[in-house]
Amino acid sequence: MKGSLPFKLVYHDGYDLHLGAHVFPSQKFRLIYEMLLRESLAKEEDFLRPVQAGDEDILRVHTADWVRRLKMGTLTASDVMRLEVPYSPELVEAVWLATGGTILAGQTAMLDGFASNLSGGFHHAYPNHGEGFCAIHDVAVAIRKLQADGTIKKAIVVDTDVHHGNGTAAIFQNDPTVFTLSIHQLNNYPGHKPPSSIDLNMDDRVEDEEYLGALIPAVQQALENFQPEILFYVGGADPYCEDQLGGLSLTKEGLKRRDRSVFEEARRRGIPVATTLAGGYARRVEDTVRIHVNTILAAREVAIAFPSGAAARS
Ligand SMILES: [Zn+2]
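Residues numbered from 1 in each chain as written. Predicted model: local features only at pLDDT ≥ 70, side-chain atom pairs only at ≥ 80, totals over all residues. Heavy atoms only, no water.

Colleague: Hey, could you run me through the nonpolar core in this one?
Modeller: General note: in soluble globular proteins, nonpolar side chains tend to be found buried as a group. Residues Leu36 and Leu231 are the most contacted members of the largest nonpolar core, which totals 105 residues. Looking at which element gives the most residues to this core, the answer is helix α5 (residues 89–112), with 11 residues. In this structure, Leu231 is in contact with Ile156, Val158, Leu223, Val262, Ala266, Ile271, Pro272, Val273 and Ala274, ignoring residues within four places of it in sequence. (Core = buried A, V, L, I, M, F, W, Y, C linked by side-chain atoms within 4.5 Å. Buried < 20%, exposed > 50% of the residue type's maximum accessible area, 1.4 Å probe, protein only. Helix = DSSP H or I, 4+ residues; strand = E, 2+ residues; numbered from the N terminus. Contact = heavy atoms within 4.5 Å.)

See the structure below:
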């Protein structure tokens, strides 16, 4: 039986971080999956099930000490304070699974032109510590694995979470093979923002037109100049005007245009796209879920409009 989507989605029930009453709605992964099925936007056949990332993959990015503390449950009080989520063995399992999902999305995108992990985007994780709800940098681990396998040499990370991609910037700061672009609210977490290749600093309460007017030309220029072999998209739902941890004023329509525009720029140049989620703390969790689902719909629209990356290039 044929699926509804022209590319694969990556999802596992184990993505739930089981945080309970926390500003991070960790049940959102399941809610996105269910909305896609309920609204017949995807069928079961569209989904791939990831396995947990191997420690050897994680260790290409993270220090052995940080990985050991996570796996053994020996985080210090200050580790947990920086992470801002309570520690549990289930959290570690979910994070390893999400990282496996981003690896699988990257590998699948290289074959199919698109793939979406319905988790990941843990862009605040550093090699030797976690912070801002992010323990392991799934996108960095996936890029390092694709490089180690010889699948790619160069990758770009386009990060549209309302918070600066500090972990991404720090990990790839001196690496000419990975271009990092972050568009975020300047006056927001994290306090220390190590430089990305391009940082687009938005003032408070910036709206759709100004945001898109900054983002799209920067993406075009980066893709032209850098010529990456894959684009990892960190699709934040938190630039939304009703987000509790964000201070920008984008509409749901603006966020979908954002996603579609980035995907179009990549697709027109024959660059595969692997998407991950990222933050989303809308007052109504349904809004966060809808915004993430819209990212998948935007990818579908672009995949249909440009049937194959290779064809688009010729
Ligand atoms: Zn965020």
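Colleague: What is the right way to look at the packing of aromatic side chains in this model?
Modeller: Ring pairs (aromatic) are described by centroid distance and by the angle formed between their planes. What the rule picks out here adds up to 12 aromatic pairs. Seen from their ring centres, Phe7 and Phe114 are 5.3 Å apart, and the 35° between their planes marks the pair as tilted. Of this pair, Phe7 sits in the segment before β1 (8–10) while Phe114 sits in strand β3 (residues 114–117), and the two are 107 residues apart along the sequence. Each of the two residues, Phe7 as well as Phe114, counts as buried. Seen in terms of ring centroids, Tyr33 and Phe47 are 4.9 Å apart; in terms of plane orientation they differ by 75°. Their pairing is edge-to-face. Here Tyr33, found in helix α1 (residues 28–38), pairs with Phe47, found in strand β2 (residues 47–48); they are 14 residues apart in sequence, far enough to count as distant. (Phe/Tyr/Trp six-rings, centres within 6.5 Å; stacked < 30°, edge-to-face > 60°.)

Colleague: Hey, could you run me through unusual backbone geometry in this one?
Modeller: Both trends apply: most residues other than glycine have a negative phi, and most peptide bonds are in trans. With omega at -5°, the peptide bond leading from Tyr189 into Pro190 counts as cis. Looking at where Pro190 falls in the secondary structure, it is placed in the loop between β5 (178–185) and β6 (198–202). Backbone geometry at His18 places phi at a positive 50°, although glycine is not the residue there. Within the secondary structure layout, His18 lies in the loop between β1 and α1. With a phi close to 65°, Arg205 is a non-glycine residue in the positive phi region. With respect to the element layout, Arg205 can be found in the loop between β6 and α8 (208–226).

Colleague: I would appreciate a short explanation of the environment of Leu250 in the present structure.
Modeller: Inspection of the secondary structure puts Leu250 in the loop between β7 (230–235) and α9 (252–268). Classification of Leu250 as buried rests on a relative accessible area of 0%. Residues Leu250 and Pro272, 22 residues apart in the sequence, show an inter-C-alpha distance of 26 Å. In contact with Leu250, not counting residues within four places along its chain, are Val206, Glu207, Asp208, Tyr211, Pro239, Tyr240, Cys241 and Leu255.

Colleague: I keep staring at the coordination of the zinc ion and nothing clicks. Help me out?
Modeller: Four donors placed tetrahedrally about a metal ideally form angles of 109.5 degrees, and six donors placed octahedrally ideally form angles of 90 or 180 degrees. Protein-derived coordination of the zinc ion comes from Asp161 (OD), Asp161 (OD), His163 (ND1) and Asp238 (OD), at a distance range of 1.9 to 2.7 Å. Around the zinc ion sit 4 donor atoms, and with donor-metal-donor angles ranging over 54 to 153° the site reads as irregular. Each donor residue of the zinc ion lies on the same chain, and together they follow the pattern D-x1-H-x74-D. With Asp161 in the loop between β4 (155–159) and α7 (166–172) and Asp238 in the loop between β7 and α9, this pair connects stretches of sequence that are 77 residues apart. Neither Asp161 nor Asp238 differs from the other in exposure class; each is buried. (Donors = N, O, S within 2.8 Å, 3.2 Å for Na, K, Ca; no water. Tetrahedral: all angles 85-135°; square planar, octahedral: opposite > 155°, others 65-115°.)

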